[in-house]
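Coordinate analysis (summary)
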Amino acid sequence: MVLLKMKFTQQRRVRLAQGLWLLSWLAVMCGAFIFCLGVYLKTELLRRAEVMDNAEIHVVPNILMMVGLASIGTNWVASRVCQDSMDASRFPRWKVLLLVWFGAAALLCCLLVAVVVLSYALQGRLEESLKVGLRNGIRFYKDTDVPGRCFQKETIDRLQMEFRCCGNNNFKDWFEVQWVSNRYLDFTSKDVKDRIRSNVDGRYLLDSVPFSCCNPASPRPCLQHHLTDNSAHYNYEYQAEELNLYSRGCRQALIDYYMDLMNSTGPGVLSVILIQISVLVSLRYLQTAVDGAMALENPEGNSEGYLLEKGLKETLEEVKANVLDMLKFGQVDPAAEESPEAAGGEKAADSPTEKAASPPSTS
Amino acid sequence: MALMLVKFDLKKRVKLAQTVWFMYWFAVMAGVLVLSMGLFFKIELRKRSELMDNNESHFLPNLLILMGIITCGINAFGGKVCYDSLDPTKFVKWKPMLKNFLVFCVCFNALLLVTAVLCFLMRIPLQFTLAEGLRNGMRFYKDTDTPGRCYMKRTLDLMQMEFRCCGNDNFRDWFEIQWVSNRYLDFSAKEVKDRIGSNVDGQYLMDGVPFSCCNPSSPRPCIQYQMTNNSAHYSYDHYTEDLNVWKRGCRDALLSYYGGMMNTIGALVVLVTMLEVAVTVGMQYVHSSLSTLANPEDPESESEGWILEKTVKETFTDIMAKMKAMGKGSKVEEGGEAAGATVS
């Protein structure tokens, strides 16, 4: 039972070829779009690579770029096939390639679906990576004289100013870390000695934050130091103060940013998947219709186009049988040298499609 | 003796018309470009109009928008005329107005060149507007409770962070004004009373700057307050400290930003003017070649094309004579009426 049969007149075949040619060029543009999307996403991730601990999330833009390039190639091939489909002399050479093409197109669609799924699934991993990266960034904020870490201060400052966030979870993260380098601490002063002795690790801890946490929308000049001490500032109450610093944590800010980015690309990717599937289906119809027409006595007559020659179940069984034959063909060869006659009988019974050179056994 | 005479046969005329038609479409896109540059410039000025005291001059972007629209219009018209010039029946209706159109084009090109020159020159008034606006802006930094000025603090902070600048000329401008609102000053504290008493206007002046002046590239946490007091901070010398706050003044930063923008726009308008001159010359050739057909009935006959019918000097004297004649003509009419009145 043929799957989804459709009748095609010559005119319909020509229309299908023309429409498919346009559609495949549209799909080439979509492939380029997917590639550019992947490049953009990768650039954005690389820009903040310093506050990310691992690069697992990079699999999403990498797949997008590969799929984009592959899609450009496959759809260009589809447009060439369309051009040749109306010419009976040139169409047959595409026969074998088309099987590979269908496999490649199906693979591309699966990869695109995988990308959409991954971009949601990897959110947890991204969060973990940012948590560790930001924690390290805050710890190494003061190490502006240590090679390899000397840019952490600038990175964290710019990050906090650009994303309007402070600290990892909130601004209190800065209270737990020494973010002032020892080079700028006067160890002879009483205040410094007190603070250093007040904790186990001997760190200079403050209830202060760096200037990059300051919120420009605050009506009052920024209060950075002695944040928990209400009496240190006139008309200041620590619990009620809202606008002084950024209230959001940088991890949340970055997650929101990247998730927005990936969510906004979601509809684009889904529509590209739809276009690719429609190219695949249309090309299959074109292939079968043109093949049918070429087999007729009158090439300009009506022919039938279908998706699968037999039903879905039968096609799957046939494919399975073919694959097993190929495997068996590889296995039988060494055995054939030992007992060609016994093997020949077996082979003849098992797979009539084989081109085995051994003569059929008469025994 | 015509200026730059060229002989044309039918094939050459067709090729000329097609080339000029193609160039006209390029010129339409150039007009769109000028329009969009005018819009972009207008938006950029609007974005920072608070820093320019809200009295910045929008003359230049408005002029650019107007020129862009007119360019699009006349180039579309010219393209249509070129397209019709290949068909003698259609071209007949355009023929009479073509001369005036070309004169209008020449005047318009001159105006376009003036616009380009203006783009380079308008930097100077902008400089004064910016200086005035920034000075006032800094004065109103503390007025976050005054309606109409409550966003000045945020605007200035964001601008200093974005343009990496501090103060008007440099960071010391902040030492000369009170940028902390009185709402947050404890007037019973001795320090506050000292500072207010230390100057004539009773302002709370500090040697401190807002946080937006801080430079993130500094190796040490930002020193905002008591900047001129070396003993207030460990291992600090305010004479040699380089990276602590931004060294550049905001007037310089904004001026170089807008100046660069205007220079680019000016250069692009010059290029558009050259394109316009080229299409005007092309149209003149089309017009002259179609009006000098050797045999007016036969479209395949030869013809000549030129930029000017006579030499530059002769054309100039012709124009002067015409203008004098127009001037005398009105005088002669009055004399004629008077003579007629006396005669009759």
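So, how was this worked out
Residues numbered from 1 in each chain as written. Chains lettered and ligands numbered in written order. Predicted model: local features only at pLDDT ≥ 70, side-chain atom pairs only at ≥ 80, totals over all residues. Heavy atoms only, no water. Helix = DSSP H or I, 4+ residues; strand = E, 2+ residues; numbered from the N terminus. Rg over C-alpha atoms; globule rule 2.2 N^0.38 Å. Buried < 20%, exposed > 50% of the residue type's maximum accessible area, 1.4 Å probe, protein only. Contact = heavy atoms within 4.5 Å. Areas by Shrake-Rupley, 256 points an atom, 1.4 Å probe, with all protein chains shown as cover. Lys, Arg positive; Asp, Glu negative; His and termini not counted. Charge placed at Lys NZ, Arg CZ, Asp CG, Glu CD. Phe/Tyr/Trp six-rings, centres within 6.5 Å; stacked < 30°, edge-to-face > 60°. 1 Å grid on protein atoms, 1.4 Å probe; cavity = no way out; pocket = protein on both sides within 12 Å on 5 of 7 lines; lining within 4 Å. Points joined across faces, edges and corners; volume = space filled by probe spheres on them. Nonpolar A, V, L, I, M, F, W, Y, C, P; charged D, E, K, R; others polar. Core = buried A, V, L, I, M, F, W, Y, C linked by side-chain atoms within 4.5 Å. Disulfide = S-S within 2.5 Å. Domains from an automatic or database assignment. UniProt positions renumbered as here; feature names shortened; annotations may be inferred. Axes fitted to C-alpha atoms, helices over the stretch in contact; angles between N-to-C directions. Parallel < 35°, antiparallel > 145°, perpendicular 65-115°, else oblique. Left-handed = near helix turned anticlockwise from the far one by under 90°. Polar contact = N/O pair within 3.5 Å; in protein donor to acceptor, adjacent residues only side chain to side chain. pLDDT = per-residue confidence, 0-100.

Along chain B, the regular secondary structure elements total eight helices and two strands. Secondary structure of chain B in N-to-C order comes out as β-α-α-α-α-α-α-α-β-α. Rg of the C-alpha trace for chain B: 32 Å, well past the compact-globule value of 20 Å for 344 residues, more than 25% over. Referenced to the eigenvectors of the C-alpha coordinate spread, the extents of chain B come out at roughly 100 × 65 × 35 Å. The proportion of buried residues among the 344 residues of chain B is 43%. Contacts in chain B between residues far apart in sequence, at least 24 positions, make up 71% of those at least 6 positions apart. When the accessible surface of chain B is summed, it comes to about 18,600 Å², and 64% of that surface belongs to carbon and sulfur atoms. Positive and negative side-chain charges in chain B, numbering 37 and 36 respectively, have mean positions lying 2 Å apart.

Now for the packing of aromatic side chains. All chains considered together, the criterion is met by 22 aromatic pairs over all chains. Centre to centre, the rings of Tyr141 of chain A and Trp174 of chain A are 5.0 Å apart; their planes meet at 75°, and the pair counts as edge-to-face. Placement of Tyr141 of chain A in the loop between helix H4 (123-139) and helix H5 (152-163) and of Trp174 of chain A in the loop between H5 and helix H6 (190-197) is noted, with a sequence separation of 33 residues between them. Trp174 of chain A gets classed as buried once you look at its relative accessible area, which sits at 0%. With 5.9 Å between their ring centres and 75° between their planes, Phe171 of chain B and Phe175 of chain B make a pair best called edge-to-face.

This next bit is on the layout of surface pockets. In this model, the largest pocket occupies a volume close to 1,500 Å³. As for the largest pocket, its lining consists of 46 residues, and the residues nearest its centre are His225 and His226 of chain A together with Tyr225, Gln226 and His233 of chain B. Broken down by secondary-structure element, the contributors of at least two residues to the lining of the largest pocket are H6 of chain A together with helix H6 (190-197) of chain B. Of the residues in the lining of the largest pocket, the class split is 27 nonpolar, nine polar and 10 charged. Within this model, the second largest pocket holds a volume of roughly 1,000 Å³. Every residue lining the second largest pocket is counted, 25 residues in all, and those nearest its centre are Val103, Gln284, Ile307, Leu308 and Thr315 of chain B. Broken down by secondary-structure element, the contributors of at least two residues to the lining of the second largest pocket are helix H3 (88-121), helix H7 (250-291) and helix H8 (312-343) of chain B.

This brings us to the nonpolar core. One finds Trp174, Val209 and Leu283 of chain A to be the most contacted residues of the largest nonpolar core, which totals 86 residues. For this core, the secondary-structure elements that each account for two or more residues are helix H1 (10-47), helix H2 (59-85), helix H3 (95-121), H4, H5 and helix H7 (250-295) of chain A. Setting aside residues no more than four positions away along its own chain, Val209 of chain A makes contact with Cys166, Phe171, Trp174, Phe175, Trp179, Gln224, Leu227 and Leu245 of chain A. In terms of nonpolar packing, the next biggest core, distinct from the first, is built from 74 residues, Leu64, Leu102, Ile196 and Cys213 of chain B among them.

This part is about the state of the cysteines. All names here are of chain A. This structure, assessed with the given rule, holds six disulfides over all chains. With its sulfur 1.9 Å from that of its partner, Cys214 forms a disulfide with Cys222. A torsion of -80° about the S-S bond marks the disulfide between Cys214 and Cys222 as left-handed. Judged by relative accessible area, Cys214 falls into the buried class, the value being 1%. The class of Cys222 is buried, set by a relative accessible area of 7%.

Here chain B is described as being made up of domain 1 (6-124 + 253-330) and domain 2 (171-246). Computed over C-alpha atoms only, the centres of domain 1 of chain B and domain 2 of chain B are separated by 57 Å.

Okay, the UniProt feature "transmembrane region" (unreviewed entry) in chain A next. Residues and elements named next belong to chain A. Feature annotation in UniProt places "transmembrane region" (unreviewed entry) on residues 20-40, 60-78 and 98-122, given in this structure's numbering. Taken end to end, residues 20-40 is 100% helix and 0% strand, and its two terminal C-alpha atoms sit 30 Å from one another. With 100% helix and 0% strand, residues 60-78 has end C-alpha atoms that lie 26 Å from one another.

All names here are of chain A. The interhelical angle for the contact between H3 and H7, taken along N-to-C directions, is 160°, at an axis separation of 10 Å. Between H3 and H7, the angle falls in the class roughly antiparallel. Judged by the twist between their axes, the crossing of H3 over H7 is left-handed. In the contact of H3 with H7, the residues fall into 19 nonpolar, four polar and three charged.

Here we take up the environment of Trp94 of chain B. Residue and element names in this part refer to chain B. Tracing the backbone through its elements, the reader meets Trp94 in helix H3. Separated by 14 residues in the primary sequence, Trp94 and Lys80 place their C-alpha atoms 9.8 Å from one another. If we ignore the near neighbours within four places in the chain, the residues touching Trp94 are Phe77, Lys80, Val81 and Asp84. Separated by 2.6 Å, the side chains of Trp94 and Asp84 make a polar contact.

Predicted confidence across chain B gives a mean pLDDT of 88, with 96% of residues reaching 70 or more. Reported confidences for the modelled complex are a pTM of 0.78 and an ipTM of 0.76.

Glancing now at the UniProt feature "transmembrane region" (unreviewed entry) in chain B. Here, the residues flagged by UniProt with the feature "transmembrane region" (unreviewed entry) are residues 20-41, 62-81 and 101-121 of chain B. Helix and strand shares over residues 20-41 of chain B are 100% and 0% respectively, and the end C-alpha atoms of the span are 31 Å apart.

What follows is about unusual backbone geometry. What is expected of a backbone is that most residues other than glycine have negative phi and most peptide bonds are trans. Residues and elements named next belong to chain A. Not every positive phi belongs to a glycine, and Arg164 is a case in point at roughly 55°. Looking at the secondary structure, you find Arg164 in the loop between H5 and H6. Even without glycine at this site, His226 takes up a positive phi of about 50°. Looking at the element boundaries, His226 is found in the loop between H6 and H7. When its relative accessible area of 38% is taken as the criterion, His226 is described as partly exposed.

Residue and element names in this part refer to chain B. Structurally, the position occupied by Arg48 is in the loop between helix H1 (10-47) and helix H2 (59-84). Using a relative accessible area of 10% as the deciding quantity, one classes Arg48 as buried. Setting aside chain neighbours within four positions, we find Arg48 in contact with Glu162, Phe163, Leu254 and Tyr258.

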